[in-house]
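If you want the building blocks of each chain, they are given just below.
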Amino acid sequence: MDPRRGRGGAAVSASGIPPELSIVLPVYNEGEGVEPVLRALSAGIKTPHELVVVYDFDEDTTVPVVARLAHEIPNLRSLRNDLGRGVLNAMKAGIAGTTGPFVLISMADGSDEPHVVDPMVALARDGADIVSASRYIKGGHQVGGPRLKRLMSRAAGLSLHHLAGVPTHDPTNNFKLYQRTFLATTPIESSAGFELALELTVKATLAGSRIAEIPTTWRDRTAGQSNFKLRKWLPHYLHWYRVAFAGRIRRLAGRRPRAR
Ligand SMILES: Nc1nc2c(ncn2[C@@H]2O[C@H](COP(=O)(O)OP(=O)(O)O)[C@@H](O)[C@H]2O)c(=O)[nH]1
Ligand SMILES: [Mg+2]
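Everything quoted here is computed from the prediction, not taken from an experiment.

Student: Can you explain the overall build of the protein chain? Please cite residues and give values.
Tutor: Within the protein chain, the regular secondary structure consists of 8 helices and 9 strands. Since a compact globule built from 260 residues should have a radius of gyration of about 18 Å, the 18 Å found for the protein chain is in line with a globular shape. In the protein chain, buried positions account for 51% of the 260 residues. Long-range contacts, defined as pairs at least 24 residues apart, comprise 78% of the intrachain contacts of the protein chain with a sequence gap of at least 6. When the accessible surface of the protein chain is totalled, it reaches about 12,700 Å², and 56% of it is carbon and sulfur. With 34 positive and 24 negative side-chain charges, the protein chain shows a spacing of 10 Å between the two charge centroids.

Right, dumping it as structure tokens:
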């Protein structure tokens, strides 16, 4: 057995303690472009971490690339998602299959910036339950991707922030860091695609948990193909959008002084 692996495949350091940060990377046939992404993450993050690439089926083109790179990148491993195909189940399997006190979800197609990860960890060490890498604040950007998806994501994020009291301007970006304790006490109800980040951010808002944010630039992929299903997943996003506004209305109603 690889001495770096604990029971169940979790990475452990020489001291037997799991790395502070578990980075979960869902993949769907990213063999073409994943190598520079993994190298950039490994080289660009100082926080002790593990890189866990979560795939849905053994024939996925990412698997052999990760197996090759694991010989030279410490704490890189792949994990098979056995919860059922799809990015949501892959993220859930990655959360369940890791043990670091901080969990970062990041994409494997180069859309997310490695250099913001250490500052995200610093905010989590300061007590944030969720650290949101935000495209829609000063210093943040979004480069490429379908125009409609960009517009809807920005409109959702800014309206949730300004009108529904969500502390981050970018609740739909899945590039987020979570405290393990927050994940362990927050049941996941999402059933489709990338709605997970929005669900967890809305739930954290309603629970009064601490949400911090940091600017980031999101870049559309230059290799492979997007698997984002806007029409199919939109109703799921709208559900959490409504939950956030309903919670806001309840809070405002609760605060209103009683009529005499
Ligand atoms: N395990 C798994 N990962 C997926 C699936 N679909 C997308 N991903 C991964 O999720 C990340 C972002 O996906 P992408 O299709 O680029 O979405 P977009 O960036 O919103 O266009 C990439 O790392 C993909 O490989 C899936 O069905 N299963
Ligand atoms: Mg992408």
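Student: Which residues make up the sheet that holds strand S7 (residues 176-179), and what are the values?
Tutor: The strands making up a sheet are joined through hydrogen bonds of the backbone, oriented either antiparallel or parallel. Pairing is mixed in the open sheet, where 7 strands are placed in the order S3-S2-S1-S4-S7-S5-S8. The open sheet has two edge strands, strand S3 (76-80) and strand S8 (211-215), and neither has a second partner. Averaged over all neighbouring strand pairs, the angle between strand axes comes to 20 degrees, with direction disregarded. Inspection of the sheet shows strand S1 (residues 21-26) paired to strand S2 (residues 49-55) by 6 bridges, in the parallel sense. Across the sheet, Val-24 pairs through a bridge with Val-52, a residue of S2. Contacting S2 and S3, helix H2 (residues 62-69) runs over the sheet at an angle of about 150 degrees to S3.

Student: I'd like to hear about the environment of Lys-176, residue by residue, with values.
Tutor: For Lys-176, the location among the structural elements is in strand S7. Sequence-distant contacts of Lys-176, defined by excluding residues within four places in its chain, comprise Val-103, Leu-104, Ile-105, Met-120, Ile-130, Val-131, Ser-132, Asp-170, Pro-171, Ala-197 and Thr-201. A polar side-chain atom of Lys-176 sits 2.8 Å from the main-chain carbonyl oxygen of Asp-170. A distance of 2.6 Å separates a polar atom in the side chain of Lys-176 from the backbone oxygen of Asn-173.

Student: Got a sec to walk through the site of ligand 1? Specific residues and values, please.
Tutor: Of all residues adjacent to ligand 1, which total 19 residues, the nearest are Pro-26, Glu-30, Arg-221, Ser-226 and Asn-227. Between ligand 1 and Asp-56, the relevant distance is 2.8 Å, taken from a nitrogen atom to a side-chain nitrogen or oxygen of the residue. Between Asp-109 and ligand 1, the recorded distance is 2.8 Å, taken from a side-chain N or O atom to an oxygen atom. Protein contacts shield 95% of the accessible area of ligand 1, which totals 570 Å² for the unbound molecule.

Student: Outline the pairing of S7, supporting the account with residue identities and numerical values.
Tutor: Of the two faces of S7, the one holding Lys-176 and Tyr-178 and the one holding Leu-177 and Gln-179 are both buried throughout. Two strands pair when backbone bridges link them, and strand S4 (residues 102-105) and S7 are joined in this way by 4 bridges, in the antiparallel orientation. Counted as the bridge partner of Ile-105 is Lys-176 from S7.

Student: Could you give an account of the pairing of strand S5 (residues 130-134), with specific residues and numbers?
Tutor: Buried residues dominate S5, accounting for 5 of its 5 residues. Sheet topology note: the S5/S7 ladder contains 3 bridges and is antiparallel. Bridge assignment links Ser-132 to a residue of S7, and that residue is Lys-176. As paired strands, S5 and S8 are joined by 5 bridges and run parallel to one another. Paired with Val-131 across the bridge in S8 is Ala-212.

Student: Could you give an account of the pattern of salt bridges, with specific residues and numbers?
Tutor: When the charged atoms of two side chains with opposite charge come close together, those side chains can pair. Summed over the entire model, instances satisfying the criterion amount to 13 salt bridges. Put simply, Arg-77 and Glu-50 hold a salt bridge, and the shortest N to O gap is 3.1 Å. Of the two residues, Arg-77 is situated in strand S3 and Glu-50 in strand S2; the sequence distance between them amounts to 27 residues. The buried category is assigned to Arg-77, whose relative accessible area is 6%. Here Arg-135 ties to Asp-170 by a salt bridge, and the two come within 2.7 Å at their closest N and O atoms. One end of the pair, Arg-135, is in the loop between S5 and strand S6 (141-143); the other, Asp-170, is in the loop between helix H5 (147-164) and S7, with 35 residues separating them in the sequence.

Student: Quick one: what's the story with helix H3 (residues 87-96), residue by residue and with numbers?
Tutor: Burial analysis of H3 places 8 of its 10 residues in the buried class, which makes it a mostly covered element. Within the span of H3, buried status applies to Val-87, Leu-88, Asn-89, Ala-90, Met-91, Ala-93, Gly-94 and Ile-95.

Student: Give me the lowdown on the environment of Glu-20, citing residues and values where you can.
Tutor: Along the chain, Glu-20 falls in the segment before S1. Taking C-alpha positions, Glu-20 is 5.7 Å from Pro-48, a pair spaced 28 residues apart along the chain. The contacts of Glu-20, once residues within four sequence positions are left out, are Thr-47, Pro-48, Gly-100, Pro-101, Phe-102, Val-121 and Arg-125.

What counts as what
- Residues numbered from 1 in each chain as written.
- Chains lettered and ligands numbered in written order.
- Predicted model: local features only at pLDDT ≥ 70, side-chain atom pairs only at ≥ 80, totals over all residues.
- Heavy atoms only, no water.
- Helix = DSSP H or I, 4+ residues; strand = E, 2+ residues; numbered from the N terminus.
- Rg over C-alpha atoms; globule rule 2.2 N^0.38 Å.
- Buried < 20%, exposed > 50% of the residue type's maximum accessible area, 1.4 Å probe, protein only.
- Contact = heavy atoms within 4.5 Å.
- Areas by Shrake-Rupley, 256 points an atom, 1.4 Å probe, with all protein chains shown as cover.
- Lys, Arg positive; Asp, Glu negative; His and termini not counted.
- Charge placed at Lys NZ, Arg CZ, Asp CG, Glu CD.
- Pairing = 2+ DSSP bridges.
- Axes fitted to C-alpha atoms, helices over the stretch in contact; angles between N-to-C directions.
- Polar contact = N/O pair within 3.5 Å; in protein donor to acceptor, adjacent residues only side chain to side chain.
- Near = heavy atom within 4 Å.
- Salt bridge = Lys/Arg side-chain N within 4 Å of Asp/Glu carboxyl O.

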